[in-house]
Amino acid sequence: MAGPIFARFVVMLRPATVPDSMMRLFRLLPTAVAAGTALMWSAGPAQVHPHVFAEARLEVTVNPDGTVKALRNLWRFDDVFSSTVLMEFDQNSDLKLDEAELQEVADTVYQSLAEFNYFQMVSRDGKDVAMAPPPSLMVDFQDQQLMIIFETTPKEPLKLAGKLAFGVYDPTFYTAIDFAEDEHMAVAGLPANCTRSVVRPDPDEILAQNQSTLTDAFFNDPSGNNMSKIFATRLELSCGAEG
């Protein structure tokens with residue numbers, strides 16, 4: 001059952017789009033990432049900045065046994081990118097996306113984000129946690145903005161113990177995914193032995209601490225480093241022994 005945040009947003013999606021339209025939005029994004037990244041990085045350090053923006057919400061759901069059940073993601077894209085998607089996929093030129101067109105968007109996005117692990121960042125005590133790909137994506141247009149919703153699960157049982165971190169980031173720096181409020185990174189079913197916090201890294205501090213990595217190799221190959229990962233806002237859960 002959807003948690004408190006996602007319950008409000010899932011109902012906004014047309015029921016007919018839930019099973020089918022989730023398989024087609026991200027075809028455009030990989031193309032944009034490839035073309036935009038080439039332009040951005042060939043221009044040099046001054047051009048290292050995102051070109052696509054999305055407001056995100058993340059909800060971690062927890063099983064009764066204290067293991068992570070799923071990560072629920074909602075992304076709402078900026079007006080410019082949303083308009084680009086509309087123009088690209090509106091095959092009948094009626095200025096809206098019908099079910100078939102939404103399906104094409106979902107298929108495109110789903111396939112495109114696979115190599116980027118759907119922009120997910122999950123770790124436990126500093127070690128990456130493998131996540132299974134989402135079975136599908138939900139795609140819709142609301143108020144002239146593209147919306148994507150999907151759910152993923154850990155490949156292996158993930159117990160809430162030690163320090164866990166969850167976040168969303170684009171390793172190419174092309175897409176900025178922002179959590180406007182701390183409450184937009186939520187936990188449903190957080191055990192009493194766990195505490196929750198939202199960490200927003202300071203860009204100036206990160207740059208000062210990582211000057212040695214800001215080399216020509218970094219600017220020529222943005223996906224070959226973890227700079228965008230350490231800039232990303234993350235949800236941290238610290239869980240002690242169960243009482």
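What you see is a predicted model, and the numbers here were worked out from it, not measured in a lab. (Residues numbered from 1 in each chain as written. Predicted model: local features only at pLDDT ≥ 70, side-chain atom pairs only at ≥ 80, totals over all residues. Heavy atoms only, no water.)

Enquirer: Lay out unusual backbone geometry in plain terms, naming residues and giving numbers.
Expert: The backbone of Tyr118 sits at a positive phi, close to 55 degrees, despite the residue not being glycine. Structurally, the position occupied by Tyr118 is in the loop between helix H5 (99-113) and strand E3 (120-124). Owing to a relative accessible area of 4%, Tyr118 belongs among the buried residues under this scheme. Phi at Asp125 takes a positive value of approximately 50 degrees, unusual for a residue other than glycine. Mapped onto the secondary structure, Asp125 falls in the loop between E3 and strand E4 (127-128). (Helix = DSSP H or I, 4+ residues; strand = E, 2+ residues; numbered from the N terminus. Buried < 20%, exposed > 50% of the residue type's maximum accessible area, 1.4 Å probe, protein only.)

Enquirer: An account of the side chain of Glu101 is requested, with residue identities and associated values reported.
Expert: Here Glu101 shows up in helix H5. Of the polar contacts made by the side chain of Glu101, one reaches the backbone nitrogen of Asn92; its length is 3.4 Å. (Polar contact = N/O pair within 3.5 Å; in protein donor to acceptor, adjacent residues only side chain to side chain.)

Enquirer: Could you give an account of helix H4 (residues 79-89), naming the residues involved and the relevant values?
Expert: Within H4, the full set of buried residues consists of Phe81, Ser82, Val85, Leu86 and Phe89. Viewed end-on, H4 has its buried residues packed into an arc of 145 degrees, placing them on one side of the element. Exposed and facing more than 90 degrees away from the buried side of H4 are Val80 and Met87. The opening residue of H4, the one whose side-chain oxygen lies 3.0 Å from the backbone nitrogen of Val80, is Asp78. (Arc of directions from axis to C-beta.)

Enquirer: Explain the sheet that holds strand E7 (residues 162-168) residue by residue, including any values.
Expert: Strand order in the open sheet formed by five strands is E4-E3-E7-E11-E10, with antiparallel pairing between adjacent strands. Across the chains shown, the open sheet's two edge strands, defined by having one partner strand only, are E4 and strand E10 (194-199). Pairing analysis gives six bridges linking E10 to strand E11 (residues 234-239), with the strands arranged antiparallel. Note that in E11 the partner of Arg196 across the bridge is Leu237. (Pairing = 2+ DSSP bridges.)

Enquirer: Tell me about the pattern of salt bridges, and please be specific about residues and values.
Expert: Overall, the coordinates contain five salt bridges when judged by the stated rule. In this structure, Asp128 engages Lys229 in a salt bridge whose closest nitrogen and oxygen atoms are separated by 3.1 Å. Within this pair, whereas Asp128 is found in strand E4, its partner Lys229 is found in helix H8 (residues 227-231), the two being separated by 101 residues in sequence. In this structure Asp128 comes out as exposed when scored by relative accessible area, which is 59%. Using a relative accessible area of 24% as the deciding quantity, one classes Lys229 as partly exposed. (Salt bridge = Lys/Arg side-chain N within 4 Å of Asp/Glu carboxyl O.)

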